[in-house]
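As a plain string of letters, each chain reads:
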Amino acid sequence: MSLTVAVVGATGMVGHEVLSILAERLFPADEVIALASRNSLGREVSYGDKTLKCRDLDQFDFAGTDLAIFAAGGDISEKYAPLAAKAGCIVIDNSSKFRLDPDVPLIIPEVNAAAVDGYAKRNIIANPNCSTAQLLVVLKPLHDRAKIKRVVVATYQSVSGAGKEAADELFTQTKGIFVNDEPSPEKFTKQIAFNVIPHIDVFLDDGSTKEEFKMVAETKKILDPTIKLTATAVRVPVFVGHAEAVNIEFEEPLDDEEARAILREAPGCLVVDKREDGGYVTPVECVGDFATFISRIRTDSTVENGLNLWVVSDNLRKGAALNAVQIAELLVNRGHVKAGDSA
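Let me begin by describing the structure that accompanies this report. Computed from a predicted structure; not experimentally measured.

### Looking at the overall build of the chain
Next up, step 1: When helices and strands are tallied, the chain shows nine helices and 14 strands.
Next up, step 2: By the compact-globule yardstick of 20 Å for 343 residues, the chain fits well, its C-alpha radius of gyration being 20 Å.
Next up, step 3: Its C-alpha atoms give the chain principal-axis dimensions of roughly 60 × 55 × 40 Å.
Next up, step 4: Looking at the chain as a whole, 54% of its 343 residues are labelled buried.
Next up, step 5: If you sum the accessible surface of the chain, you get close to 15,400 Å²; carbon and sulfur atoms cover 50% of it.
Next up, step 6: Taking the 37 positively charged and 50 negatively charged side chains of the chain as two groups, their mean positions are separated by 3 Å.

### Details of the sheet that holds strand 2 (residues 31–36)
Paired through their backbone hydrogen bonds, the strands of a sheet run either parallel or antiparallel.
Next up, step 1: Reading across the sheet, the six strands line up as 5-2-1-6-7-8 and stay open at both edges, with parallel pairing between neighbours. Of all the strands in the sheet, just strand 5 (55–56) and strand 8 (124–126) have a single pairing partner and so form its edges.
Next up, step 2: Sheet analysis places strand 7 (residues 90–93) next to strand 8, joined by three bridges and oriented parallel. Bridging across to strand 8, I92 finds its partner in I125.
Next up, step 3: Contacting strand 1 (4–8), strand 6 (67–70), strand 7 and strand 8, helix 2 (residues 74–86) crosses the sheet at an angle of about 175° to strand 6.
Next up, step 4: Across the sheet, helix 9 (residues 317–333) touches strand 6, strand 7 and strand 8, and the angle it forms with strand 7 is around 155°.

### Examining the packing of helix 1 (residues 13–24) against helix 9
Next up, step 1: Between helix 1 and helix 9, the shortest axis-to-axis distance is 9 Å and the interhelical angle comes to 50°. As the angle between them shows, helix 1 and helix 9 are arranged oblique. Viewed along their axes, helix 1 and helix 9 form a crossing whose handedness is right-handed. Contacts between helix 1 and helix 9 involve V14, E17, V18, S20, I21, L22 and E24 from the former and R317, A320, A321, L322 and V325 from the latter.
Next up, step 2: Of the residues contributing to the contact of helix 1 with helix 9, the split by class is eight nonpolar, one polar and three charged.

### Quick notes on the pairing of strand 1
Next up, step 1: Most of strand 1 sits out of view: five of its five residues are buried.
Next up, step 2: Residue alternation in strand 1 divides its side chains into two sets, T4, A6 and V8 and V5 and V7, and both sets are buried.
Next up, step 3: Taken together, strand 1, helix 1 and strand 2 form a β-α-β motif whose crossover is right-handed.
Next up, step 4: Note that strand 1 and strand 6 share four bridges and pair parallel. Pairing of V7 across the sheet is with I69, part of strand 6.

### Concerning the nonpolar core
Next up, step 1: Core analysis: the largest hydrophobic core is formed by 53 residues, its most contacted members being F62, F70, V151, I248 and L309.
Next up, step 2: Considering each element in turn, this core owes the most residues, eight residues, to helix 4 (residues 130–146).
Next up, step 3: Apart from the residues lying within four places of it in its own chain, the contact partners of F70 are V8, F62, I76, S77, Y80, A81, A84, V91, I92, D93 and N94.
Next up, step 4: The next biggest cluster of nonpolar side chains, apart from the first, holds 41 residues, and it includes V18, L22, V45 and Y119.

### Considering helix 4
Next up, step 1: For helix 4, which comprises 17 residues, the first-to-last C-alpha distance of 25 Å matches the rise-based estimate of 24 Å (1.5 Å per residue) to within 8%.
Next up, step 2: The sharpest bend along helix 4 reaches about 30° and sits at L139, with the proline P141 one to four residues further on.
Next up, step 3: Trailing helix 4 by a residue or two, K147 shows a phi angle of about 55°, which is positive.

### Comments concerning the sheet that holds strand 12 (residues 269–271)
Next up, step 1: The mixed open sheet is built from six strands, whose spatial order is 10-9-11-14-13-12. If you trace the sheet from one side to the other, it starts and ends with strand 10 (228–235) and strand 12, each paired once. Direction aside, neighbouring strands of the sheet carry axes that sit 25° apart on average.
Next up, step 2: Where strand 9 (residues 148–157) lies against strand 11 (residues 242–250), eight bridges are found, and the strand directions are antiparallel. Bridging from a neighbouring strand, Y156 pairs with A243 of strand 11.
Next up, step 3: Against the sheet, helix 4 makes contact with strand 9, strand 10, strand 11, strand 12, strand 13 (292–300) and strand 14 (306–313), and its axis sits at roughly 25° relative to strand 11, the strand it touches most.

### Focus: the pairing of strand 11
Next up, step 1: The buried fraction of strand 11 is high, at eight of nine residues.
Next up, step 2: With eight bridges joining them, strand 11 and strand 14 adopt antiparallel strand pairing. Paired with E244 across the two strands is V311, which belongs to strand 14.

Scoring rules and cut-offs
- Residues numbered from 1 in each chain as written.
- Predicted model: local features only at pLDDT ≥ 70, side-chain atom pairs only at ≥ 80, totals over all residues.
- Heavy atoms only, no water.
- Helix = DSSP H or I, 4+ residues; strand = E, 2+ residues; numbered from the N terminus.
- Rg over C-alpha atoms; globule rule 2.2 N^0.38 Å.
- Buried < 20%, exposed > 50% of the residue type's maximum accessible area, 1.4 Å probe, protein only.
- Areas by Shrake-Rupley, 256 points an atom, 1.4 Å probe, with all protein chains shown as cover.
- Lys, Arg positive; Asp, Glu negative; His and termini not counted.
- Charge placed at Lys NZ, Arg CZ, Asp CG, Glu CD.
- Pairing = 2+ DSSP bridges.
- Contact = heavy atoms within 4.5 Å.
- Axes fitted to C-alpha atoms, helices over the stretch in contact; angles between N-to-C directions.
- Parallel < 35°, antiparallel > 145°, perpendicular 65-115°, else oblique.
- Left-handed = near helix turned anticlockwise from the far one by under 90°.
- Nonpolar A, V, L, I, M, F, W, Y, C, P; charged D, E, K, R; others polar.
- Right-handed = clockwise from strand over helix to strand, strands pointing away.
- Core = buried A, V, L, I, M, F, W, Y, C linked by side-chain atoms within 4.5 Å.
- Expected span 1.5 Å × (residues − 1).
- Bend = angle between axes of the 7 residues up to and from the residue.

Encoded structure:
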């Protein structure tokens, strides 16, 4: 039996990473199809050492396609994901459209792999928000050991999380400042070059932003509904790589040495934590890596059973493309789709 995979949004930043990771990890697909808007019809994209020509999403028939990874935004997912699912294709969606749907599993393979079996209700699986994905990979093994009561997190999110236009705006503004051009914000509400913006997505009635709400709601759905989490999401002038300053309060004692040992053994985690100059990981160093890095592990003496952590990950990889491919691998490994003979 052959395995056919479609990548929707193949010309975008996340779509490019999905194709790259499918090839890197030798995903057992007999055919990979690149889909994009009609404007990109015939445009070539890379898939390992091969080149794929983009096909028109609007004209594509998903019947006979086993898996579709959507990386094209919520509006596209809303329109086309149900059509693909109805045609018998299992959809892995990177947008926020289906994440809180009770009939759609929200999956981080290192955290709640067994929940993937629930895909059959709608034939759709949701990928979490990029900042949630890297956070919960770290929280899960600690929660298993000492049960988390409360988390306070401040994110430092790169512009690539807002797409190519946002990355272009950072580049243009940075270049322009050096020749005395006045920055002209378009994608962002304020100047992003040499600045930080405490505002990601729209504001809600309680004063939080939708990005902050996503972290709260997704943590409860994926990990534990009893965990209290509060977040402040900040956009920073970094091209790729999200960082998070995380404060955790546990129900049981857990010191920094034991936490360090637990995280060293945890899937998807890589501890780099030396108490010396440069003994930690920054966003620029995580680019292109699959791991979520943890540094600055230390006890918080202001609360009972508290820890502080610094968490860094490539948001285009673990935060989006890698997690989607890992879900696809999970479907193969659990027998929900059958791999063919070719890699």
